[in-house]
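# Chains, contacts and geometry: an overview
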Amino acid sequence: MKLFDVYKMLPLELSSGNGYHVYDTDGREYLDFYGGHAVISIGHRHPRFNAALKEQLDKIIYYSNAVEFSIRGRLAEKLGEVSGYTDYELFLCNSGAEANENALKLASFHTGKQKVVAFKGGFHGRTSAAVSITDNPKIQAPINKTGEVVIIEPENADALEEVLSEGEVCAVVIEGVRGIGGIYVPGVKFMKDVARLCRRYEAIFICDEIQSGYGRTGKFFAHQFSGVKPDLITTAKGMGNGYPIGGVLISPEFKASSGMLGTTFGGNPLACAAGLAVLEVLEEEKLVLNAMKMGDYLKSRLAEVPGITEVTGAGLMTGINFAGSAKEIQQALAEDEYVLVGSSSIPTQIRLLPPLTIDTAAIDRFISSLKNVVNASALKEA
Ligand SMILES: Cc1ncc(COP(=O)(O)O)c(C=O)c1O
């Protein structure tokens, strides 16, 4: 049997990782400014993380949610403490799409309504409800198009109010910082408008922090730059530093009832050990602050690189726009400079999502590689 061929791949096979580096099967070192789709938060093979997983592995890795494991509660408590959402409750699942799926379900249960508002260029996952609110018809099968979804332009509070005022919307879903659709930080005023209008028209405000959360932007959750408090916050990716785990942070207005949500693997003790270790390392190594500082340093150094038309983002979640194809830059960085970066739906943008452990030495190396690549391309005159 062969693998179902659905992934576009970089021409490399990895064998190991360490900190902000990964190594291919020939032992070549790559600077990881992509974190494997924004997943690696505390760095590859972090000793504390590996020790926590090994310790749990030697005890028990799985039993269902029919039994208690104290580590689940400890993870929820720590997440509340580190994020500032001590009064929220946590539902654990396995991925980002699943987190959004459960958040949408909660919103619909709670309001009794079914229409959803999402935003242009937004990405929320590939399961049925999550993909139906994703602004990309190419990844929606006919079966995904049954829900009532209205996609509007970000920043357009009037359009949002017009839809909400019909009284049929159960949820408004927005990314803390848009990722795959091209890095874009929603304005503080607009985020406040979303919160205000959701309250006025009794819709649930869901903030998708799956890519932008866990400190990547310099705040634990990106929406915290706006001072808003969404009703539901979805998380995954950086939460497990590569171990699959996702979650929904749920405001105290929601009342749980037995069987309302559920999952076989969600909240398994090994995933919780990973999640807890990530939070402890983020806190002890002050990585959220580091993301803010390194993000500032990165932006100051990017000013020296020719060919860049715009730098967007917050903290270490950075989009770099060029006057031409970003794919060529991405490819040349990987093949000639051994630096991994991401792309986005904007064909001229590369996306940086490095581990939050990066330092000035890593950024200096990245800048020098980027200069080499741009200078060797036709983009340097832009
Ligand atoms: C903002 C956002 N939401 C949801 C998802 C879906 O997460 P997963 O691939 O873990 O299902 C992603 C994945 O890239 C994402 O970036």
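In this report, the structure presented in the accompanying data block is examined. All residue numbers refer to position in the chain's written sequence, counted from 1. A pLDDT threshold of at least 70 governs which residues receive local features in this predicted model, and a stricter bar of 80 or more applies before side-chain atom pairs are shown or counted, although totals over entire chains, interfaces and linings include all residues. Note that the side-chain values use all heavy atoms of the structure and ignore hydrogens as well as water.

Glancing now at the packing of aromatic side chains. Aromatic pairs are defined between Phe, Tyr and Trp rings, using the six-membered ring for Trp, whenever the two ring centres lie within 6.5 Å; interplanar angles under 30 degrees are classed as stacked, those over 60 as edge-to-face, and all others as tilted. One pass over the full model with this rule turns up eight aromatic pairs. Taken together, a centroid distance of 5.5 Å and an interplanar angle of 85° make the contact between Tyr30 and Tyr338 edge-to-face. Of this pair, Tyr30 sits in strand β3 (residues 29–32) while Tyr338 is found in the loop between α10 (326–337) and β13 (339–340), placing the two residues 308 residues apart along the sequence. Relative accessibility decides the category of a residue: with a 1.4 Å probe and only protein chains considered, values under 20% of the type maximum give buried, values over 50% give exposed, and everything between is partly exposed. Relative accessible area serves as the criterion here: at 5%, Tyr30 is assigned to the buried category. In this structure an aromatic cluster arises from ring pairing among Tyr85, Tyr88, Tyr214, Phe220 and Phe221. Sitting over a ring, as applied to charges here, requires NZ of Lys or CZ of Arg to be within 6 Å of the ring centre and within 35 degrees of the ring normal. Positioned above the aromatic ring of Phe225, the side-chain terminus of Lys219 is 5.7 Å from the ring centre. Working definition: helices are DSSP H or I runs of at least four residues, strands are E runs of at least two. Numbering for both runs from the N terminus.

On to the site of the ligand, then. In these notes, residues near a molecule or strand are those with any non-hydrogen atom within 4 Å of it. Around the ligand lies a shell of 13 residues, among which Gly96, Ala97, Asp208, Gln211 and Lys237 are the nearest. Nitrogen and oxygen atoms within 3.5 Å of one another constitute a polar contact, given that in protein one can donate a hydrogen and the other can accept it, and given that sequence-neighbouring residues count only through two side-chain atoms. At 2.8 Å, a side-chain N or O of Asp208 approaches a nitrogen atom of the ligand. One nitrogen or oxygen atom from the side chain of Gln211 is found 2.8 Å from an oxygen atom belonging to the ligand. Its free accessible area being 390 Å², the ligand has 81% of it covered by the protein chains. Take the shell around the ligand: its biggest share by element is three residues, from helix α4 (residues 96–111). In this count, Pro and Cys sit with the nonpolar residues alongside Ala, Val, Leu, Ile, Met, Phe, Trp and Tyr, while Asp, Glu, Lys and Arg are called charged and the others, Gly among them, polar. Of the residues belonging to the shell around the ligand, the class tally is four nonpolar, six polar and three charged. In short, Shrake-Rupley with a 1.4 Å probe defines the accessible areas, and a residue's cover is counted only from the protein chains shown.

Turning our eyes to something else, we now look at the pattern of salt bridges. What makes a salt bridge here is a side-chain nitrogen of Lys or Arg within 4 Å of a carboxyl oxygen of Asp or Glu, nothing more. The final tally for this structure, using the stated rule, is 15 salt bridges. Ionic pairing is found between Glu81 and Lys78, a salt bridge with its closest N-O pair at 3.2 Å. One end of the pair is Glu81 and the other is Lys78, both in helix α3 (residues 70–83) and three residues apart, which spans about a single turn. Looking at Glu81, the relative accessible area reads 45%, which means it is partly exposed. Residue classification places Lys78 among the buried positions, given a relative accessible area of 15%. The closest approach of N and O atoms between Glu304 and Arg301, which form a salt bridge, is 2.8 Å. Glu304 sits in the partly exposed class, given a relative accessible area of 40%. Three or more residues joined by partner-sharing salt bridges are found here, namely Arg301, Glu304, Asp364 and Lys371.

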